[in-house]
Amino acid sequence: AQKVTQAQTEISVVEKEDVTLDCVYETRDTTYYLFWYKQPPSGELVFLIRRNSFDEQNEISGRYSWNFQKSTSSFNFTITASQVVDSAVYFCALSNRGSQGNLIFGKGTKLSVKP
Amino acid sequence: DTGVSQDPRHKITKRGQNVTFRCDPISEHNRLYWYRQTLGQGPEFLTYFQNEAQLEKSRLLSDRFSAERPKGSFSTLEIQRTEQGDSAMYLCASSGGYEAFFGQGTRLTVV
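As the structure is a computational prediction, the values presented were derived from the model and not from experiment.

A.B. asks: Mind showing me how you'd approach the environment of B:Ser5 here?
C.D. replies: Along the chain, the position of B:Ser5 falls in strand 1 (residues 5-7). Sequence separation between B:Ser5 and B:Arg22 is 17 residues; the distance between their C-alpha atoms is 8.3 Å.

Take a look at the structure:
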């Protein structure tokens, strides 16, 4: 069975702090895809990143970075120098079919960045 | 194109009534998904279309739920004989590649 666990329900930081959101996944598939989405208060899920199981290179995009470790089945997300606009619920998701089929989402981590 | 559009944004209905939601995907996106999200939870997959063909349905999609995508463009999700447990946000997403673009959802409240 596939499962995504986001153990942190809520995190609160002060602006400019770095923050890491944890994601642990379970799957028996050798080919799978991992995603992060952001859900601001408006409710619309915003795609942040997709990673396939064969690419363990860490990725950096501006203040965002992702650490994929197959050995620990983790795909953690770090925001550097957080800003108030980063406040949202962040979801990690898993799929075994890339661009098709369904995404298995974690329960999300609510991030509050205070000025 | 302004993204995935869902209508209505909010719906309040009495238990036992039927409701229908509409999703207009990004034009030329051949894949369309429906998800349901309850408070404090991540979205749960309901069903998936490639063009007009419904290729996958979750066990969550009971007999009271039906989805269509005539002509491979917009899609509708109908819930018959609504129950209080159906209260949730219903999200639609479309994709032309590996990135799925989500709409703002339809919030259903069954009273």
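On we go from here.
A.B. asks: Is there a simple way to think about the state of the cysteines in this case?
C.D. replies: Put plainly, a disulfide is one covalent bond tying together the sulfur atoms of two cysteines. The tally for this structure, following the rule as stated, stands at two disulfides over all chains. The side chain of A:Cys23 participates in a disulfide bridge whose partner is A:Cys92; the two sulfur atoms lie 2.0 Å from each other. Its S-S torsion of approximately -65 degrees makes the covalent link between A:Cys23 and A:Cys92 left-handed. Taken as a pair, A:Cys23 in the loop between strand 3 (19-21) and strand 4 (24-26) and A:Cys92 in strand 10 (residues 88-95) lie far apart in primary sequence, 69 residues in all. Residue classification places A:Cys23 among the buried positions, given a relative accessible area of 0%. In this model B:Cys23 forms its disulfide with B:Cys92; the gap between the sulfur atoms is 1.8 Å. Residues B:Cys23 and B:Cys92 are joined by a disulfide whose S-S torsion is about -70 degrees; by sign, that bridge is left-handed. Residue B:Cys23 is located in strand 3 (residues 19-24), and its partner B:Cys92 is located in strand 9 (residues 88-95); the two are separated by 69 residues in the primary sequence.

A.B. asks: Got a minute to help me understand the sheet that holds strand 8 (residues 75-79) of chain B in this structure?
C.D. replies: Remark on secondary structure: sheet strands pair via backbone hydrogen bonds, oriented parallel or antiparallel. Residues and elements named next belong to chain B. Read across the sheet, four strands follow the order 1-3-8-7 without closing on themselves; strand pairing throughout is antiparallel. The sheet terminates laterally at strand 1 and strand 7 (65-68), the two strands that pair on one side only. Within this sheet the neighbouring strands show an average axis-to-axis angle of 15 degrees, counted without direction.

A.B. asks: What is the right way to look at the interface of chain A and chain B in this model?
C.D. replies: A common way to express how large an interface is: the accessible area buried when the components associate. If you look at the interface, chain A gives 19 residues, while chain B gives 22 residues. For the chain A and chain B pair, buried surface summed over both sides reaches about 1700 Å², with 52% attributable to carbon and sulfur atoms. Connecting chain A to chain B are zero salt bridges. Run the count over chain A and chain B and you get three residue pairs in polar contact (both at pLDDT 80 or more).

Reading guide: rules and limits
Residues numbered from 1 in each chain as written. Chains lettered and ligands numbered in written order. Predicted model: local features only at pLDDT ≥ 70, side-chain atom pairs only at ≥ 80, totals over all residues. Heavy atoms only, no water. Helix = DSSP H or I, 4+ residues; strand = E, 2+ residues; numbered from the N terminus. Disulfide = S-S within 2.5 Å. Buried < 20%, exposed > 50% of the residue type's maximum accessible area, 1.4 Å probe, protein only. Pairing = 2+ DSSP bridges. Axes fitted to C-alpha atoms, helices over the stretch in contact; angles between N-to-C directions. Contact = heavy atoms within 4.5 Å. Buried area = accessible area lost by both parts, 1.4 Å probe. Salt bridge = Lys/Arg side-chain N within 4 Å of Asp/Glu carboxyl O. Polar contact = N/O pair within 3.5 Å; in protein donor to acceptor, adjacent residues only side chain to side chain.

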